[in-house]
Every structure is written in C-alpha cells, then in structure tokens.
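# Coordinates in review
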Amino acid sequence: MSTLDLFGDSPEPSSRHNAQQQALSVSEQIRQLRDQLHHHGHLYYTLDAPEIPDAEYDRLFKQLQALELAHPELLTADSPTQRVGAAVLEAFATVRHRVPMLSIRTETDTESSGAQAFDARVRRELGRGDSDPAIDYVAELKFDGLAMSLRYENGVLVQAATRGDGESGEDVTTNIRTIGQIPLRLKVAHQRPIPPVLEVRGEVYMRRDDFEALNERQRAKIAAGAKGEKTFVNPRNAAAGAVRQLDSGIAAERPLSFFAYGLGDVTPVSEGGPQFTSHYEMQQAFKSWGFPVADQIQCVQGAAGLVEFHQSIAQTRDRLPFDIDGVVYKVNDLALQAQLGFVTREPRWAVAHKFPAQEELTTVLAIDVQVGRTGKLTPVAKLAPVFVGGVTVTNATLHNEDEARRKDVRVGDTVIVRRAGDVIPEVVSVLLDKRVDSAPVFTMPSHCPVCGSDAVREEGEADHRCSGGLFCSAQRKQAILHFAQRRAVEVEGLGEKLVDQMVDSGVVKTLPDVYRLGFVGLAQLDRMADKSAQNIVAALEASKATTLPRFLFGLGIRHVGEATAKELARHFGSLDRIMDAAEEDLLQVNDVGPVVARSLRTFFDQAHNREVVAQLRACGVHWPEGEPAAQAVQPLAGQTFVLTGTLPTLSRDQAKALLEAQGAKVAGSVSKKTSYVVAGTEAGSKLDKARELGVPVLDEDGLQQLLQQLLAPVTDPALNTTESTK
Ligand code: IVH
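What comes next is a walk through the structure. Every value quoted in this text rests on a predicted model; they were computed, and no experiment measured them.

Here we come to the overall build of the chain. On a plain count of helices and strands, the chain comes out with 26 helices and 24 strands. In terms of overall dimensions, the chain has C-alpha extents of about 110 × 70 × 60 Å along its principal axes. In the chain, which comprises 726 residues, the share counted as buried stands at 47%. Of the roughly 35400 Å² of accessible surface on the chain, 50% is carried by carbon and sulfur atoms. Counting 79 positive and 96 negative side-chain charges, the chain places the averaged centre of each group 1 Å from the other.

At Glu-490, a residue that is not glycine, the phi angle is positive and equals roughly 60°. Among the structural elements, Glu-490 can be located in the loop between helix H13 (473-484) and helix H14 (496-504). For His-559, which is not glycine, the phi dihedral falls at a positive 75°. Here His-559 shows up in the loop between helix H18 (548-554) and helix H19 (562-572).

The next thing to look at is the site of the ligand. In the vicinity of the ligand, the residues found are Ser-103, Ile-104, Glu-140, Leu-141, Lys-142, Phe-143, Ala-147, Glu-203, Tyr-261, Val-328, Lys-330 and Pro-347. Between the ligand and Tyr-261, the relevant distance is 2.6 Å, taken from an oxygen atom to a side-chain nitrogen or oxygen of the residue. Coverage of the ligand by the protein chains reaches 85% of its 520 Å² of free accessible surface. At the level of elements, strand S3 (136-143) and strand S10 (324-331) are the ones that each hand at least two residues to the shell around the ligand. Across the shell around the ligand, the residue classes tally to seven nonpolar, one polar and four charged.

With that settled, the discussion passes to the pairing of strand S17 (residues 414-418). Of all five residues in S17, five are buried, a share of seventy percent or more. Burial along S17 is two-sided: the residues Thr-414, Ile-416 and Arg-418 and Val-415 and Val-417 are all buried. Of the pairings in the sheet, the one linking strand S14 (residues 359-371) to S17 comprises five bridges and is antiparallel in character. Within S17, the residue paired with Leu-361 across the bridge is Ile-416. As paired strands, S17 and strand S18 (residues 426-430) are joined by four bridges and run antiparallel to one another. Across the sheet, residue Val-415 finds its bridge partner in S18, namely Val-430.

Now for the sheet that holds strand S8 (residues 257-266). With respect to topology, four strands assemble into an open sheet ordered S5-S4-S7-S8, the strand pairing being antiparallel. Every interior strand has two partners, whereas the edge strands, strand S5 (156-162) and S8, have only one. Between one strand axis and the next, the sheet turns through 30° on average, direction left out of account. Against the sheet, helix H9 (residues 279-288) contacts strand S7 (197-205) and S8, and its axis sits at roughly 115° relative to S8.

Looking now at the packing of helix H22 (residues 594-605) against helix H23 (residues 607-618). The geometry of H22 relative to H23 is characterised by a closest axis approach of 5 Å and an angle of 80° between their N-to-C directions. When the axis of H22 is compared with that of H23, the two are roughly perpendicular. Of the residues in H23, those touching H22 at Arg-601, Phe-603, Phe-604 and Asp-605 are Ala-607, Asn-609, Arg-610 and Val-613. Split by residue class, the contact of H22 with H23 holds four nonpolar, one polar and three charged.

Moving on, we come to the side chain of Gln-358. Along the chain, Gln-358 turns up in the loop between strand S13 (350-354) and S14. Residue classification places Gln-358 among the buried residues on the basis of a relative accessible area of 8%. Within the structure, the side chain of Gln-358 is placed 3.5 Å from the side chain of Arg-317, a separation counted as a polar contact. If we skip the residues at most four places from it in the chain, Gln-358 touches Arg-317, Asp-318, Val-388, Gly-389, Val-417, Arg-418, Arg-419, Ala-420 and Gly-421.

This brings us to the packing of aromatic side chains. What the rule picks out here adds up to 17 aromatic pairs. Between Phe-118 and Tyr-137 the ring centres are 5.5 Å apart and the planes differ by 45°, which places this aromatic pair in the tilted class. Linking Phe-118 in helix H4 (residues 113-125) with Tyr-137 in strand S3, this pair joins segments that are 19 residues apart in sequence. Among the residues examined, Phe-118 registers a relative accessible area of 1% and is labelled buried. The exposure class of Tyr-137 is buried, given its relative accessible area of 0%. Relative to Trp-623, the ring of Phe-551 has its centre 4.3 Å away and its plane inclined at 25°; by these criteria the two rings are stacked. Of the two residues, Phe-551 is situated in helix H18 and Trp-623 in the loop between H23 and strand S21 (640-644); the sequence distance between them amounts to 72 residues.

Attention shifts here to the packing of H13 against H14. It is at 10 Å that the axes of H13 and H14 come closest, and there the two elements cross at 140°. With respect to their mutual orientation, H13 and H14 come out oblique. Along this stretch, H13 crosses H14, giving a crossing that reads as right-handed. In this structure, H13 contributes Arg-476, Lys-477, Ile-480 and Leu-481 to the contact, and H14 contributes Glu-496, Val-499, Asp-500, Val-503 and Asp-504. Of the residues that constitute the contact of H13 with H14, the class distribution is four nonpolar, no polar and five charged.

By the element assignment, Met-282 lies in helix H9. You can call Met-282 buried: its relative accessible area is 5%. In the structure, Met-282 is positioned 52 residues away from Leu-334 in sequence and 9.6 Å away in space, judged by C-alpha atoms. Residue contacts for Met-282: discarding those within four places in its chain leaves Tyr-261, Gly-262, Leu-263 and Phe-276.

Read from one edge of the open sheet, four strands run S22-S21-S23-S24, paired in parallel fashion. Among the strands making up the open sheet, the edge pair consists of strand S22 (665-667) and strand S24 (697-698). Looking at chain direction, S21 and strand S23 (residues 676-679) are connected through four bridges and run parallel. Each residue of the ladder has a partner; that of Leu-643, found in S23, is Val-678. Helix H24 (residues 652-661) rests against S21 and S22 of the sheet, and its axis sits at about 170° to S21. Set on the sheet, helix H25 (residues 685-693) makes contact with S21, S23 and S24; between it and S21 the angle comes to about 135°.

Further remarks concern the pattern of salt bridges. Counted by the stated rule, this structure contains 47 salt bridges. Overlapping salt bridges bring together Glu-28, Arg-31, Asp-35, Asp-78 and Arg-185 as one network.

As a further point, take the nonpolar core. Counting residues in hydrophobic clusters, the biggest one holds 53 residues, and the most contacted among them are Leu-494, Met-502, Tyr-515, Phe-551, Leu-552, Leu-568 and Phe-604. The greatest single-element share of this core, amounting to five residues, is contributed by H22. What Tyr-515 contacts, discounting residues up to four positions off in sequence, is Phe-483, Val-489, Val-491, Leu-540, Ser-543, Lys-544, Leu-616, Cys-619 and Val-621.

A few words on empty space enclosed by the protein. Regions of empty space are outlined by a rolling probe, equal in size to a water molecule, passed over the atoms. Counted by the stated rule, this structure contains two cavities of 30 Å³ or more. Approximately 70 Å³ is the volume attributed to the largest cavity. Taken together, Val-95, Arg-96, His-97, Arg-98, Ser-149, Arg-151, Gln-159, Ala-160, Ala-161 and Glu-199 make up the full set of residues lining the largest cavity. When contributions to the lining of the largest cavity are tallied by element, the ones reaching two or more residues are strand S1 (94-96), strand S4 (146-153) and S5. Volume-wise, the second largest cavity comes out at about 50 Å³. As for the second largest cavity, its lining consists of Glu-140, Leu-141, Phe-143, Ala-260, Tyr-261, Gln-283, Val-293, Ala-294, Gln-296 and Ile-297. Among the elements of the structure, S3 and S8 are those that each provide at least two residues to the lining of the second largest cavity. Top element by residues in the lining of the second largest cavity is S3. It accounts for three residues.

Quick notes on the rules
- Residue numbers here run from 1 along each chain, matching the order of that chain's written sequence.
- Given that this is a predicted model, residues contribute local features only at a pLDDT of at least 70 and side-chain atom pairs are listed and counted only at 80 or more, while totals for whole chains, interfaces and linings are drawn from all residues.
- Hydrogens and waters are ignored; side-chain quantities use all the structure's heavy atoms.
- Helix and strand labels come from DSSP, where a helix needs a run of H or I of at least four residues and a strand needs a run of E of at least two; each type is numbered from the N terminus.
- Remark: exposure states derive from per-residue accessible area (1.4 Å probe, protein chains only) relative to the maximum for the residue type, with buried under 20%, exposed over 50%, and partly exposed in between.
- Each accessible area is a Shrake-Rupley result for a 1.4 Å probe, and residues are judged covered by the shown protein chains and nothing else.
- Two residue types count as positive, namely Lys and Arg, and two as negative, namely Asp and Glu; His and chain ends fall outside the count.
- Throughout, a charge is located at the NZ atom of Lys, the CZ atom of Arg, the CG atom of Asp or the CD atom of Glu.
- Note on definitions. A residue lies near a molecule or strand when any single heavy atom of the residue is within 4 Å of it.
- Pairs of N or O atoms within 3.5 Å make up the polar contacts considered here, provided that, within protein, one atom can donate a hydrogen while the other can accept it, and that residues adjacent in sequence are counted only when both atoms are side-chain atoms.
- For this classification, Asp, Glu, Lys and Arg are treated as charged, while Ala, Val, Leu, Ile, Met, Phe, Trp, Tyr, Cys and Pro are nonpolar and the rest, including Gly, are polar.
- Think of it this way: DSSP has to see at least two bridges between two strands before they count as a pair.
- For helices, the axis comes from a line fit to the C-alpha atoms of the stretch in contact; other axes are also lines fit to C-alpha atoms, and the angle between any two N-to-C directions lies between 0 and 180 degrees.
- In this analysis, two residues are considered to be in contact whenever any of their non-hydrogen atoms come within 4.5 Å of each other.
- With respect to orientation, any angle under 35 degrees is reported as roughly parallel, any angle over 145 as roughly antiparallel, any angle of 65 to 115 as roughly perpendicular, and every other angle as oblique.
- When the centres of two rings from Phe, Tyr and Trp lie within 6.5 Å, Trp using its six-membered ring, the rings pair. Their planes under 30 degrees apart give stacked, over 60 give edge-to-face, and anything left gives tilted.
- Left-handed describes a crossing in which the near helix is turned anticlockwise from the far one by less than a right angle; the clockwise case is right-handed.
- Here, a salt bridge means any Lys or Arg side-chain nitrogen found within 4 Å of an Asp or Glu carboxyl oxygen.
- Only buried residues count toward a nonpolar core, which is a set of Ala, Val, Leu, Ile, Met, Phe, Trp, Tyr and Cys residues joined through side-chain atoms within 4.5 Å.
- With a 1 Å grid spanning the protein atoms alone, the term cavity applies to any set of points in which a 1.4 Å probe fits but cannot get out, the term pocket to an open set with protein on both sides within 12 Å along at least five of seven lines, and the term lining residue to any residue with an atom within 4 Å of a point.
- Grid points are joined across faces, edges and corners, and a volume is the space filled by probe spheres set on the points.

Dropping the structure here:
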C-alpha cells in the first residue's frame, strides 16, 4: 500500500502539523493517522478520486508504521499498515458460515423468456393476479469472479471467507486485506449507525486491464527464466489463484477488486442492527460504508424492465472494464423476499440470467493452413464444434507461426476457445495436463498447401507467404483484380463481382484464361447480358496494348509498386532481362533494395509464374521494349521536375513520360531541390514557390527545347548550372 501511486507530483509538507501532533497522546496520533489513511485509501481505490498526492499518503503511512513499531501494543488488525506483510500460511483455516452462502437459480436462454419465467414464478408465489401492479426488481450485473463473505465486528474487518461448499469456506483474511477497495474499517456514514456485526457478501474479481498487465509481468518473468511462474487463462482464474495464495505478499502483487451485492450474518434490528426495507437501500448503505457497488445496478418494474436491462447489458458487455457472465434479478422489497423464502438451497426471490459463455473447452481436430488473397498463410485450428459466445465455432485462427508456437497448440489438444462480441474466435490456451504425449509440434509448411509453391517467410515479417503468385488458386481473384486495375493493365468493367463469378464458376483458372474466355465464355456466366459481355471483350482487347511498367506492376509481385516497376523497366528495357536478372543486378536499380530484389527473384524463379507471363504474351498482351539503361543515355538522371498548370499541347502524363524517359524524376511539390518547374496556364502556388526559391521555370516550349538539346550532345552551359544535385 505504501507504494500506491496517488498523484506522483510533489506533496504539501505535512511537517506543519508536527508541533500539534507532539502535544497529542501516541494513541490519539495513531487514531488520527489511521482515519486519514482510511479516508484517502477509500478515495483512491474505491471512488477513483484521490485528493492528496501519493507522496503525502506515503508520508502519513510511514509515520503510522513508525508509531506502531514503537508501540506494538497499539497495533490493531484494521490498521492500514496491516494490508500487507502477514506471515506465509501452511494452509487456510476453515470458516463455518453463520448464514450459509447460497447460490441462485440460473436461466441460460439467450432471449427474454428467462426474465418472464422468473417474473411469472414470483407473481404466482405472491398470489398476484394479472390486474395487480408490476413487481419492483433490482437488476444487477453477474460478476465473473469468486464469492466472498466479509465479516465486520464493530466496524472492523475481522474475517474474509470463500464460499466453499456454502456451509463452510476458507479463511483468506490476510489476502483479502491486501485489496485496497475493501474497507478494513467501515466508513462512518451519516444516519447509518455501524452495526455491531455485519457480513457483506460480494465478488472478488480482477479488471481486464489489471489482468493483461499481470500476464505481461508473468511473461517477462518467464522470459527471464523464473521457475514456477505461469500466465493466467482469464481474469477469474487469476483472481481465484490470488485469493488462495498462502503467501499474502504474492497475493498483494495481484491486483484485485471487489463489488458488494448481498448480506450474510447481521445484528438483528432489535439489537441495533440496520433496518433496510429494500435491497436497493441496502446496496446504498454498503456504498456509504465504503464498499464498491457497481454503477449498473438498476431498479426496474416487471418482466419488461428486466428484459430491457438484460438487452442493454448484453449489448454493452464487451465495453465493461471487467468480465460478467450474465445479470442477476432480485425482488427489491425485503419483506417480499422474506415471504418468498427459499426452495432447496436457492432463494425464490433471485435468479441469474446468464449470457452465452464467451469461453468454452473443446478439442483440436486438425491444424490447417489457409491461403489468403494476398498469399498470406494462416494456420487455423479446426475444432470439435463448440457453442461459445452465442455461435457454434469450428475454426479458430492461430494467426502466424510465432503465435502458433507461443500458444503451442497441437492436434488432439484440449483448448480454451474464446469468442467475445463480434471478435473472431481465438484459442486462448491449451490445457497441458490433458495433452497426449505423442501430439506433434505444429510447424508451418515449407510449401503452399494449395499450389505447392515455396512458402517464404521474409526477415522481419511475421507471416509466411505462398510464392506461387498468379498460379495459386487462392490468390487468383486478387491477382486478376490487381492486374485489371486502372494503374496496371486496365480492363474496364472487370470488377470484384465479375472476377468472383469467373473464378468461382471454374471457367478462369489462371490469369491468361481471362483473355481466352471470349464472348461465348463470358455470356455463359450467370446474369451476364450480351451487351455487358461485348463490353468486357472490347475492354480486354484494348488492354492488350500496354507498357512494360504497367504490365510488371500488374503482375502483383510483392514490394513491386508502380514506381519500382517504372525504375525496373527503365533500367532493363525488357521483361526478359528483368526475369533473368540476378539479385546483384537488380540491386543496381534505383529504389531496389535487398527485399525487393529477393521478392523479384522468388517470383520469377517459380516456373508457373514464367508460364503465366508467356501465356499472357501468347494471348496478345504486348508492350514496347527498349535497350537496357546502362547503354541508353539518361541525361536527366538525378534531376527533379515539377509540372504545374495546363500546358498548351502536352497532357500532364505525356510531359511526365517524356521527362521520365530521360531519367528525370517528376515530383508533386516544389522545394530547393527541384531542378525545374514546368508551368502552363493557371499555374498556382507551385509557380509562386518556384519564384520564391529561385527554381528555373520552363514553359512547354522551353521544355521541348530542353528535350531536343538532350538528344544532341549537351552544349548549353545553362543546362549544366542547375541546382539539381544539391
Ligand atoms: S446474489 C442468495 N448477486 O453468482 C443470493 N450473486 O449463484 C446470493 N454473483 O457464486 C447471490 N454477481 O458469487 C448475487 N450481483 C450478484 C452476483 C452474484 C455474481 C455470483 C455469486 C455466486 C453466483 C450465484
């Protein structure tokens, strides 16, 4: 507790009180310090609204510790210093519950009938007819933690016990004391005298963020080689483990929280006990005595009110900072509760309406590897069907090799599967004690399971990818769409729906098949009108005359974008030279690094990719080829041009192509590094910027002149004095 982080900024000095304090008796000083620490602990842990910096809290805490050390006879169990540091126990003592800890009947249907059935039962038991008014209920969350009974005598926490079998549980007081949210001493509340005996019942749980942080720390310990450490499967499990720690020092490191929801043993009203008339009022009293009560508690009327609560919580469940497994309905009026009484071991006045579980156990039947549209290989656990999170789950992704290895899921394993909200199902963990020894470790395949091409995992990447590219059927749709897009070979009208139809109907098995379909093949597709088929045929025909950069980009080789395709085309001049280039030759190209070079080599090393290229050519796809750049002159290499406004005869694309053909780069904005700005009519801010920076400005004539001079040996001294290579 002394390490709690209240604010972190510098404190107000507390020393000004020292002179006053010396005048007080030691026991009075201790009493005051404890009051202050209880008050500020409650503000910090339960209300989340601290009023003093943590350094000030620490100072008060240390003062109290020092006084208690000097006067051990004044030490009491409810002192804030007693939250940590109890001796390690051999075993927990058994506690007999004076009032048994009952469980409640559970409704599990997902619809409203659970609430309606409960309301109907209550009305029947109470003899209410159809015309009688609706019953008042309290609707609460069903927290997914473990039940705890906290006993206070004269306002001081004297015992904390688990539910056990309902009759007797375990004495876990030292661990429970470490939970900052649980008052060691009841807060004095206005008009609510503290009862001589009060057992408050509620749920100990772990918040999701605290759970994640705890597991993070556990993983770090395991990575550092710590023995006997493990991660926890869910917050409930982590909370239960912490409560049952024999070493309260360890329990103190596990961040636990608490919500109050019920009453156990209590002094009767006749002997000065509290006189509550409703469950809601009792919850408010718990709050004023310093216990956390969930904000979501609601007073509602009749079955309709319960149904509405159930629905609203079902929708917001995933946004809560802690896990719940349902909602609880309780008759609000305590006199009616007494009238309803119990049946076997369950109260008739309460029911739990559960949500479908978000975690279930199942077994792994197989681990398949699926190929995504971009060639990514994903290991997927095939599961024995299990109903979880409201649906039947048969698959759960293992994401990639590292994830699969981290979770070490094997065929035959019993696993915990989680599906929360709309999130895709995942394997949370493996129950290792149920593993069959012979279960082999899963490894990623070295070849694509669909097409047999090499499966490659590049350095620094998490995913394996199929290198089959166009040949791999799983990647075909994506590949066709990529090839047909406007910036590549451009086949107008060849969109996602049509490609899906072509591939799904089986008429298109490879990219070249698209060109071979013809009118007859296209017209056979479902819902394909003759006119549309004709349009596609015409678009395919038009797409055959393309350029090398567009074709190369259209092949969809990983890491080869438009700019790289242009650089490659310029450098090598022909596709054959690119296909045959060694990695070191590829590295000579502008913008081509080892990753791109390897990707190109991998792609063209697959015979089927070469075959696809050959077939596309055979279908008539063609482009002009040229000489390799090493022999061609690149007089504008290293120079940057910016085009702005409308030129009289050249389109912007044409001007760009002319410049790029000479090795120039065409950029979108003007900087000091810009060699020339080519301006047409209605040139705007780029022209202003060029003037401001003193960048030479050309009109179309000037550009044409410049290009013509480049064809002849360079003689114009003006061309040699640009700022191009600053
Ligand atoms: S009332 C006699 N209220 O659910 C009625 N229980 O079987 C006592 N639980 O393990 C239970 N949230 O720990 C009640 N708001 C809530 C609850 C709740 C969770 C747990 C409780 C017990 C089970 C009920």
